[in-house]
Amino acid sequence: MSSEGHLAACDDAGEIQIINTNDGTYKTLKRKHTNFCTSIRFVGGRSSELISGSIDTTLVRWDVLRGRPNGDFPMDAVAASPQVVNPPYVHCIDVDASGRYVAAGLGDFRSLIFDISNLKKIAICDGHTGSVSQVMFPKFGPSNRLISGGNDGKLILWEIPETLRSVPKTRGKK
């Protein structure tokens, strides 16, 4: 939920609804995803910008006020190689407290971190042996951490370098 009382929901048709809990009105954003929308987050708690992820292997940045996409990034563009088994479906996303970064947990066993302003990849978290089913920037401890959970039964705490200018292959603690 945004700080202004808006709630976002996505569905298996790839549509996104924004519900204003203050007056009960809702808005449907123009369809961008071509498959199940799996996860959605407001950026920085503001109701004017969203990030969504989908089984169509795409992250989409939304301009809620205009009701349309404001940029997208296909995950298969960052896949190590084309995959038929375990493609980089976006299973989950989370936005850090600053609203600057988004993490995506993928079906190809990796978590990726992007700069929201330009959807540029800034970190690769590679350590699971099954699809990543959950990612979270924890609200406790240093702000340079990401927790990922996978279908391999592992939780991994990732220490993200403070200088996120390059694309490091990050090491986690299991």
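Residues numbered from 1 in each chain as written. Predicted model: local features only at pLDDT ≥ 70, side-chain atom pairs only at ≥ 80, totals over all residues. Heavy atoms only, no water.

Q: Is there a simple way to think about the overall build of the protein chain in this case?
A: Counting its secondary structure elements, the protein chain contains zero helices and 16 strands. By residue count, 50% of the 174 residues in the protein chain fall in the buried class. For the protein chain, restricting intrachain contacts to residue pairs at least 6 apart in sequence, the fraction spanning at least 24 positions comes to 37%. (Helix = DSSP H or I, 4+ residues; strand = E, 2+ residues; numbered from the N terminus. Buried < 20%, exposed > 50% of the residue type's maximum accessible area, 1.4 Å probe, protein only. Contact = heavy atoms within 4.5 Å.)

Q: Please clarify how the environment of Gly99 should be interpreted in this entry.
A: By the element assignment, Gly99 lies in the loop between strand E8 (90–95) and strand E9 (101–106). Since its relative accessible area comes to 13%, Gly99 is described here as buried. Along the backbone, Gly99 and Gly45 are 54 residues apart, and their C-alpha atoms lie at a distance of 7.7 Å. Contact partners of Gly99, with chain neighbours within four places excluded, come to Val43, Gly44 and Ile116.

Q: What am I meant to see in the sheet that holds strand E6 (residues 58–63) here?
A: Backbone hydrogen bonds hold the strands of a sheet together, and the pairing may be parallel or antiparallel. Pairing in this open sheet of four strands is antiparallel, and the strands run E4-E5-E6-E7 from one edge to the other. Because the sheet does not close on itself, it has two edges, and the strands there are strand E4 (37–42) and strand E7 (68–74). On average, each strand axis in the sheet is tilted by 20° relative to the strand beside it, whichever way the strands run. Direction of pairing for E4 relative to strand E5 (residues 49–54): antiparallel, over a ladder of five bridges. Bridge pairing in E5 links Ser39 to Gly53. (Pairing = 2+ DSSP bridges. Axes fitted to C-alpha atoms, helices over the stretch in contact; angles between N-to-C directions.)

Q: Quick question: what am I supposed to make of the pattern of salt bridges here?
A: Pairing between side chains of opposite charge can happen when the charged atoms of each approach one another. Overall, the coordinates contain eight salt bridges when judged by the stated rule. Where Asp94 meets Arg41, a salt bridge forms, and the shortest distance between an N and an O atom there is 3.6 Å. Of this pair, Asp94 sits in strand E8 while Arg41 sits in strand E4, and the two are 53 residues apart along the sequence. The partner of Arg61 in a salt bridge is Glu49, with the nearest N and O atoms 4.0 Å apart. Within this pair, whereas Arg61 is found in strand E6, its partner Glu49 is found in strand E5, the two being separated by 12 residues in sequence. Judged by its relative accessible area of 13%, Arg61 falls in the buried class. With a relative accessible area of 17%, Glu49 lands in the buried category. What emerges from the salt-bridge pattern is a single network uniting Arg46, Glu49 and Arg61. (Salt bridge = Lys/Arg side-chain N within 4 Å of Asp/Glu carboxyl O.)

Q: When you look at the sheet that holds strand E1 (residues 6–10) in this model, what are you seeing that I'm missing?
A: On the basis of which strands lie adjacent, the open sheet formed by three strands has the order E1-E2-E3 and antiparallel pairing. For this open sheet the edge positions go to E1 and strand E3 (26–29), each flanked by a neighbour on one side alone. Neighbour to neighbour, the strand axes of the sheet diverge by 20° on average, direction disregarded. Judged from the five bridges that link them, E1 and strand E2 (residues 16–20) form a sheet pairing that is antiparallel. Bridge pairing links Leu7 to Ile19 in E2.

Q: Where do I start with the pairing of E5 in this structure?
A: Each regular strand shows side chains that alternate between the opposite faces of the sheet. The buried fraction of E5 is high, at six of six residues. Between E4 and E5, which follow one another and run antiparallel, lie six residues, and Gly44 among them has a positive phi close to 65°. Sheet analysis places E5 next to E6, joined by five bridges and oriented antiparallel. Residue pairing for E6: Leu50 is matched across the bridge by Trp62. Here E5 folds back onto E6 in antiparallel fashion, the turn holding three residues, of which Thr57 has a positive phi close to 70°.

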